Amino acid sequence: METKEPAGPSVRKYLVARDQEVLGTYTTLRIAMAAAATYKATVYAIESCKDCVVNLAQYRSFEEVA
């Protein structure tokens, strides 16, 4: 049986996190970037989800390096 990837306007494509804390998931890059800039966090693109394992790709980081 072939599985289809979720598609449409309600699919969350971006995850915003700071350290190990997930701040939210977003459908558009523009909103994800705004949230990451506000909270000094990192934007990750959600590439795939299979068997409860999510593959992420780091898009951009606003976190301050000490």
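Residues numbered from 1 in each chain as written. Predicted model: local features only at pLDDT ≥ 70, side-chain atom pairs only at ≥ 80, totals over all residues. Heavy atoms only, no water.

## Concerning the overall build of the protein
- Of the regular secondary structure elements, the protein holds 1 helix and 4 strands.
- When each of the 66 residues of the protein is scored for burial, the buried share is 23%.
- Contacts spanning at least 24 positions in sequence make up 30% of the contacts within the protein whose residues lie at least 6 apart.
- When the accessible surface of the protein is totalled, it reaches about 5,400 Å², and 51% of it is carbon and sulfur. (Helix = DSSP H or I, 4+ residues; strand = E, 2+ residues; numbered from the N terminus. Buried < 20%, exposed > 50% of the residue type's maximum accessible area, 1.4 Å probe, protein only. Contact = heavy atoms within 4.5 Å. Areas by Shrake-Rupley, 256 points an atom, 1.4 Å probe, with all protein chains shown as cover.)

## What to know about the pattern of salt bridges
- Enumeration according to the criterion identifies 1 salt bridge in this entry.
- The partner of Arg-18 in a salt bridge is Glu-21, and the shortest N-O contact between them spans 3.9 Å. (Salt bridge = Lys/Arg side-chain N within 4 Å of Asp/Glu carboxyl O.)

## Remarks on the nonpolar core
- Tyr-14, Val-16, Tyr-26, Ala-32, Met-33, Ala-35, Ala-36, Ala-41, Val-43 and Ala-45 together form the largest nonpolar core, which totals 10 residues.
- Residue assignment for this core shows that the elements contributing at least two residues are strand S1 (14-18), helix H1 (29-39) and strand S3 (42-50).
- No other element matches the 4 residues that H1 contributes to this core.
- Once residues lying within four places of it in the same chain are set aside, the contact partners of Ala-32 are Tyr-14, Val-16, Tyr-26 and Val-43. (Core = buried A, V, L, I, M, F, W, Y, C linked by side-chain atoms within 4.5 Å.)

## Details of the pairing of strand S4 (residues 53-61)
- Note: S3 against S4, 8 bridges, orientation antiparallel. In the strand pairing of S4, Cys-49 is matched with Val-54. (Pairing = 2+ DSSP bridges.)

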